[in-house]
Each structure stands twice: as C-alpha cells, then as structure tokens.
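# Coordinates in review
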Number of protein chains: 2
Amino acid sequence: MADSCASPTAPPSIGGGSLLIAWQLKDKNVLIVGGGEVASQRIESVLTADAHITLLAPAKGVHARTKELIDTYPSRITYHDRRFSGPAEIHKMDMVLTALDDVNRSREICEMCRKNKVPVNAADIPELCDFYFGAQIRDGPLQIMISTNGNGPRMAALMKKKINSALSGKEGGAIERVGVLRSQLKERAPGVGGALGRKRMKWMSEVCNIWEMDELMQLDDAFITKLLDEGWDKNCVPTLDQLKGRTTRKTSRHTQSSDSSQWLLAMGSFALGAVCTTLILLSRKR
Amino acid sequence: MADSCASPTAPPSIGGGSLLIAWQLKDKNVLIVGGGEVASQRIESVLTADAHITLLAPAKGVHARTKELIDTYPSRITYHDRRFSGPAEIHKMDMVLTALDDVNRSREICEMCRKNKVPVNAADIPELCDFYFGAQIRDGPLQIMISTNGNGPRMAALMKKKINSALSGKEGGAIERVGVLRSQLKERAPGVGGALGRKRMKWMSEVCNIWEMDELMQLDDAFITKLLDEGWDKNCVPTLDQLKGRTTRKTSRHTQSSDSSQWLLAMGSFALGAVCTTLILLSRKR
C-alpha cells in the first residue's frame, strides 16, 4: 500500500549511491602519477588485480612504502623518476590514478583521460573521479569493499573492523575449496544452462547451506571426489561426518568454550552454596 | 625475514584478485540489453547510482520485476520493445550491460564496446567482462560489496548473510550523521589541508572511536551544534552522556541480558548447593 502522505506518482527512492563493481585489470596498463603514501596504497590495490603499473614521480617525493613496492615487484612496476609530461603518457593506458598535491595538475590529467575515455581517479578530488576507492578486506578469493559514499574514511575503517571481527578467517579458504568442487562438478556433469545446469546449481547451493565454513575448508581433493561419488552421483548431500564415516556432528569450538565457562560458573556457585550452608548449620549447632 | 624455502628473488604474491571500486554514474547513460531476471537485477544496481537507463528487450521476454521497474521509474528508464540493432546504440553510452541467452550476440556487443572504449559486462560470460558484479549490501550511504572472484554466487550470498547478521542496521544512519557532523565542522573551521586539516581529521577520528554506532545515530542537528561547542571549540571529545548532562554511561542491552542470565545461573546453583548440603547434614543428624 502506498503511504497516504506521499505523492501517488513519486517512485520509491533508491538512488544516491555508487555502482560497486570488481574491475578486471589482469595484464592491463595502469598509470599512477605521484609517489606519496596514497600512491603506495593505490599500487597495492592495483597489484591485487595483476595489472602492469607505470609510476611517474620525482624520486625526492617517493614514500618509503612506494619505494619498497617498486623494489619488490620490478616485473610489475615500471618506475620513472620524473613528473607527468603530457597527453602521450595516457595513450596506451587502461586506467589512470593521480595522487598529487597539485589539484590543477590532477584536473588537467583527468580532463585528458576523459577526452580519451580512460577511467580515472584523482585522490581527494571526488568531483574529478570516474570511480572511488573504499576500505577493502581480502582473504584469498574473497574480497569485500566498504564504501561510505564520501562520508569519511574513518567510518569505512570502523565498518571494516566490525566486519573483520565477524569473519573467522576461514571464509577465503572455504570459498577456494567450493570453487574447486564447482569446477570438478562441471567436469563430471558438463554443459551450459538447461535442466542439468539448474540441477548442478541446486546441488551446489545445498552443499553450501548444509556444510559449515570450517567444514568446507576441509574439502581436499580426496573428499571432493568422495562428495561427488556419494552425493552428486546418488542425488543427495551427505554431511562431512557422513563422508568421514561418523554419525554424530561435532560441537563447534565456540559452543564448547561457552558451555565450559557456564559449567564452571554453576560448579563454583554450587560449591559456594554448600560451603555457606555448612558454615551456617555448624554455627547454629554450637 | 624471507622464508628460507622460497626463492630469494620471488616477490610475495598479492595478485589473483580484482580492483574493487565504487563507479560513479550520476546522470550517465547506461544501456541494458535483455529484459529477463538478471536484467532486472542490473537495473536495480544501476538505479542505485542515479544513471539514465536505456533498456532494449522484446516485450515477450520481459520479466515481471523488469516490467515493474520500467513502470515505477519512467523518468530513469527508457524502454524500447526491440532487439539490439547495431553499433549506433552504444555511441552515447557510458556503460553497457548485456543479459542475454545468446552468447554470440553478447560477444558482438562486447567487441563493439571495447572498440569504442565503453565499459561492458556480459552476464554469465566472465571472459568478456571489463568488470563483475557481486553480492551487495546497502544501508543509506553505506554500501558493501562481496566478491568471490568467480568462485560462485552461492558463497557470496552466504557471506552477505554472515556480514548482514554482524550489522545492527544502525550503521547507515550513523554514517549519515557523521557526514553531517563532518561538513558542519568544515564550515566552522574551513580550509583544505595543513595543520587545521590534520586537527579536524584527528578530532573526527576520536569522535568515531569514542562514540558507539547507536550513539552516533542520535547526533541530530542540536547535538551536533552542542558537540562542536563543547568539544571542538574546547579541544576535547565529550561523550554523549556528558553532552546530555549525565555522568554514567548506560550498559548496552546485550551485556545486560547476558549478565542477568549468568546471575540467574549462579543464584540457582548457589541455592541448589545450599539445599543439597542441608539435606546431607540433616540426614547425618538423624
């Protein structure tokens, strides 16, 4: 039902955000202009995506971390000890990132990029950017990005901390093993789309729903074969314990530790009750 | 120290991922080819970023949700009841998304886009994509994206559930209020960079560290003025209780409920210990 106070023709507002995407840069060319601390963060982000980096920055302004990255990844980073020289620099580039104190220089570079349809980000000048960066979490194949849409990096960092504390550190490993299971299932039951595709998708979903993260992590190659033999081939989803030949499921570590502290509290209180009563009764006896 | 087993020249591997970014599409033109369920998801993602959408899809293949979106956002979505006709369609576009069953048609469209340097995503054909989508969480200004780098949407959905359950639902509101505080602080102490910029950043960080999310949410305009008067102007960071004129901080609901169940357990055990001891001593008396 529409809100009676709202105009009947006003659509529900869902705008005001960004399009969050995972940009592919494998073996693409990225130009980074500037060598300070922000540039070092940009280099790390871009290395994550397997790009080739051309870095332009006079040596005197190069941050220690930037220098370390140049030395560590010589096959990925081509460093030139000089400033940005003009439009020719961007012609072969697939992406340009500026991290300069000089706002006017950044603006010029962004305009050149826009004219040449090269995606560009200028650190600290949001109105010049085709895209923003955010706080990032990485655990193997798992990547999480947190954007506050310009409402401050501090809140993004706080959110990152909050999300990190909700993760066990096992998720990346589990996702990697599920990826292997998925590709081996596709080998066993090949083909794109159709009824088989739907059946594969349904079976994979059930595995991911029934198995815990730390169980999925244990899916080594032998277990994957066994799971496909005993599960996919027999049209069911066995638990890890069933695959291992056990019938009961083990209690998770968290529950065990919580249980034992409750148990200690109960035992301690029971003993305290017993001691107090003994003392009271003994004192009344005298 | 380097691992003695590793080659001394091999750099630590940090690749294999994507560059996660928040793409800006405000009032940009996005072409979506196809009208099925996946297209409806694409439309929603793109509407989030305030783009203008041109949608090409024969009416007979248009999904109910897609139809609903076309009807709800007529000023944002221009719908054409026909197929993609050729290169002229992409000339004014800032981004193209295909969601077609026809892999060859998707491939042709992607090639046209690449030639014209228009970023493109083809649903279900990762090798043709400039970028991928992932599971998304939105809470006002807060946006979170979860990518498994091609290891299955099911695990991304599981991760989304896990992260969602770690959030209180108050984060978006808190981030929005901190954004208002930040811009009002900039009005009170204007200027870019320098010592004042660093002081502003440090003070904002302290507020975000000291205040809880649900306290930040309570920062209405009156409290923001008070916080700037009593905090920024006096070079300190008061707590919400101090601003409200209270001296003690209230205990959070979670801790209270956890405390009371522990208290009940201890009392119960104490009483049980007392009763048992009384019974034992009484029976020995007889």
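Residues numbered from 1 in each chain as written. Chains lettered and ligands numbered in written order. Predicted model: local features only at pLDDT ≥ 70, side-chain atom pairs only at ≥ 80, totals over all residues. Heavy atoms only, no water.

### Notes on the packing of helix H6 (residues 194-210) of chain B against helix H8 (residues 221-232) of chain B
Residue and element names in this part refer to chain B. The contact between H6 and H8 brings their axes to 13 Å, and the two run at 115 degrees. Judged on the interaxial angle alone, H8 and H6 are roughly perpendicular. In this structure, H6 crosses over H8, and the sense of that crossing is right-handed. Residues Leu 196, Lys 199, Arg 200, Trp 203 and Val 207 of H6 form the contact with H8, whose participating residues are Leu 227, Leu 228, Gly 231 and Trp 232. Split by residue class, the contact of H6 with H8 holds six nonpolar, one polar and two charged. (Axes fitted to C-alpha atoms, helices over the stretch in contact; angles between N-to-C directions. Helix = DSSP H or I, 4+ residues; strand = E, 2+ residues; numbered from the N terminus. Parallel < 35°, antiparallel > 145°, perpendicular 65-115°, else oblique. Left-handed = near helix turned anticlockwise from the far one by under 90°. Contact = heavy atoms within 4.5 Å. Nonpolar A, V, L, I, M, F, W, Y, C, P; charged D, E, K, R; others polar.)

### Considering helix H3 (residues 103-115) of chain A
Residues and elements named next belong to chain A. With 13 residues, H3 extends 18 Å between its outermost C-alpha atoms, agreeing within 8% with the 18 Å of an ideal straight helix rising 1.5 Å per residue. Every buried residue belonging to H3 is among Ser 106, Ile 109, Cys 110, Met 112 and Cys 113, and all of these are buried. All buried residues of H3 project into a common sector of 160 degrees when viewed along the axis, lining one side. Turned more than 90 degrees from where H3 packs its buried face, Asn 104, Glu 111 and Lys 115 sit exposed. Looking at where H3 begins, the residue whose side-chain oxygen comes 3.1 Å from the main-chain nitrogen of Asn 104 is Asp 102. (Expected span 1.5 Å × (residues − 1). Buried < 20%, exposed > 50% of the residue type's maximum accessible area, 1.4 Å probe, protein only. Arc of directions from axis to C-beta. Polar contact = N/O pair within 3.5 Å; in protein donor to acceptor, adjacent residues only side chain to side chain.)

### Examining unusual backbone geometry
All names here are of chain B. With phi around 60 degrees, Asp 50 is a residue other than glycine that occupies positive phi space. You can see Asp 50 is positioned in the loop between helix H1 (37-48) and strand S3 (52-56). Non-glycine residue Asn 149 carries a positive phi angle of around 50 degrees. Note on placement: Asn 149 falls in the loop between strand S9 (142-147) and helix H4 (153-166). For Asn 149, a relative accessible area of 16% corresponds to the buried category.

### Section: the nonpolar core
Core analysis: the biggest nonpolar cluster contains 68 residues, and Ile 144 and Trp 203 of chain A together with Ile 144 and Trp 203 of chain B have the highest contact counts within it. Apart from residues lying up to four places away in sequence, Trp 203 of chain A is in contact with Leu 181, Leu 185, Leu 227, Leu 228, Gly 231, Trp 232, Cys 236 and Val 237 of chain A. Leu 25, Ala 123 and Phe 133 of chain A together with Ile 77 of chain B belong to the second largest nonpolar core, which has 50 residues in total. (Core = buried A, V, L, I, M, F, W, Y, C linked by side-chain atoms within 4.5 Å.)

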